Amino acid sequence: MSQDTLQEHTELRMIIKFNSAYGGRMPEPSSTMFAASLRGVSVDYAGIIAVDAVDLDVAAAALTVIVGANGAGKSTVLEVLAGARAPSTGTVTISGVARAFVPQRSVVSDRLPLTVRDVVTVGVWGRLGHFRRVSRHDRAVIDDALERLGITDLASLPFFSLSGGQRQRALLAQGLARGADLLLLDEPTTGLDAGSARLIRAAIAGQVRCGVAVVCVSHDERLISDADEVIRMSRGRLVKNTHAEDLDGPPRPRPADW
Ligand SMILES: Nc1ncnc2c1ncn2[C@@H]1O[C@H](COP(=O)(O)OP(=O)(O)OP(=O)(O)O)[C@@H](O)[C@H]1O
Ligand SMILES: [Mg+2]
């Protein structure tokens, strides 16, 4: 499948935007000690405050795990970090040059005749030259990403034929192939069998060792115990280094007079 054809499909916009050259690449690297920072970031969805005045510094070359109850605003924060969602207020600073984002739910349409390898190849588009040829080096990067996620044997299968867990691994392989310095993963091990979850945790640890800042939303206790920093969200707010469950709950409606 050609890149032009792929780009015509709206279902793939999100992945293409953040894991290819077109949207994921940052124009101007800045020099801070953090891979990303949020200041006073709020997101409201027509009156529901999903994220409420969040300040967050994402450490470089480290694993940050965001935890919290359903509806706490975790995915929304990750989307803001990815550039997939503009905050209603506040500022977002990204210090690296490339981000990769694997959302909570796959946005790849079942109707697309994409192989697993095609999906992973999207990750290297940012490095392709004028003729859009995948170089030998890029092929090696793709092979390595497939191998790390244990899906080499699935490479020629249609993406839509994969199970949910296999899809998640293919999308993470795409993120690895991108060579991003900020990797954003929304519940990367949720619903996976123990072996697949272990592969994903190992891939994440490998990325951190290579200097990548990885931010995961996760409920996976093992991933949480691997984290350099655990950040708890509650009702749209960020509560660092706490395990206070009693703060959790749905986001508050926005008062009419705001
Ligand atoms: N596109 C949207 N439109 C309206 N409301 C939304 C939208 N996306 C999220 N929300 C609301 O914003 C709040 C935060 O959602 P978010 O998906 O960020 O939570 P989460 O912490 O990731 O939850 P989960 O653990 O269930 O994935 C929720 O109340 C949700 O219903
Ligand atoms: Mg979520």
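Described in the following lines is the structure provided in the data block.

Considerations on the site of ligand 1
And step 1. Not every one of the 14 residues close to ligand 1 is listed here, only the nearest: Tyr45, Ala50, Asn70, Ser75 and Thr76.
And step 2. The set of elements that each furnish at least two residues to the shell around ligand 1 consists of strand S2 (48-59) and helix H4 (74-82).
And step 3. The residue inventory of the shell around ligand 1, partitioned by class, reads six nonpolar, seven polar and one charged.

Some words on H4
And step 1. Within H4, nine of the nine residues are buried, leaving the element largely enclosed by the surrounding structure.
And step 2. Of all the residues in H4, the buried ones are Lys74, Ser75, Thr76, Val77, Leu78, Glu79, Val80, Leu81 and Ala82.
And step 3. In the segment just after H4, Gly83 is the residue with positive phi, at about 85°.

Here we look at the sheet that holds strand S4 (residues 89-94)
And step 1. The strand order S2-S1-S4 describes an open sheet built from three strands, whose pairing is antiparallel. Strand pairing shows two members of the sheet lacking a second neighbour, S2 and S4, which therefore form its edges. Going from strand to strand, the sheet's axes swing by 15° on average, the running direction of each strand aside.
And step 2. Two elements, strand S1 (residues 34-45) and S2, share eight bridges in a ladder whose sense is antiparallel. From the neighbouring strand, Asp44 faces S2, where its bridge partner is Ile49.
And step 3. Running over the sheet, H4 touches S1, S2 and S4 and is turned about 125° from S1.

Remarks on the sheet that holds strand S8 (residues 229-234)
And step 1. With mixed pairing, six strands are arranged side by side in an open sheet as S5-S6-S7-S3-S8-S9. Only two strands of the sheet have a single partner each, and these edge strands are strand S5 (99-102) and strand S9 (237-240). Neighbour-to-neighbour, the strand axes of this sheet turn through a mean angle of 20°, independent of strand direction.
And step 2. Note: strand S3 (residues 63-68) against strand S7 (residues 213-217), four bridges, orientation parallel. Its bridge partner being in S7, Ile66 is matched across the sheet by Val217.
And step 3. Packed onto the sheet, helix H7 (residues 164-178) meets S5 and strand S6 (182-186) and runs at close to 180° relative to S5.

Brief notes about the pairing of S6
For a regular strand, side chains alternate in direction, first toward one face of the sheet and then toward the other.
And step 1. A large share of S6 lies buried, amounting to five of its five residues.
And step 2. Side chains Leu182, Leu184 and Asp186 project from S6 onto one buried face, and the interleaved Leu183 and Leu185 project onto a second face that is buried too.
And step 3. When S5 meets S6, the two strands line up parallel, connected through four bridges. In the strand pairing of S6, Val102 is matched with Leu185.
And step 4. Note: S6 against S7, five bridges, orientation parallel. Its bridge partner being in S7, Asp186 is matched across the sheet by Val217.

What counts and how
- Residues numbered from 1 in each chain as written.
- Chains lettered and ligands numbered in written order.
- Predicted model: local features only at pLDDT ≥ 70, side-chain atom pairs only at ≥ 80, totals over all residues.
- Near = placed C-beta within 6 Å.
- Helix = DSSP H or I, 4+ residues; strand = E, 2+ residues; numbered from the N terminus.
- Nonpolar A, V, L, I, M, F, W, Y, C, P; charged D, E, K, R; others polar.
- Buried ≥ 20, exposed ≤ 12 C-beta atoms within 10 Å, placed from the backbone.
- Pairing = 2+ DSSP bridges.
- Axes fitted to C-alpha atoms, helices over the stretch in contact; angles between N-to-C directions.
- Contact = placed C-beta atoms within 7 Å.

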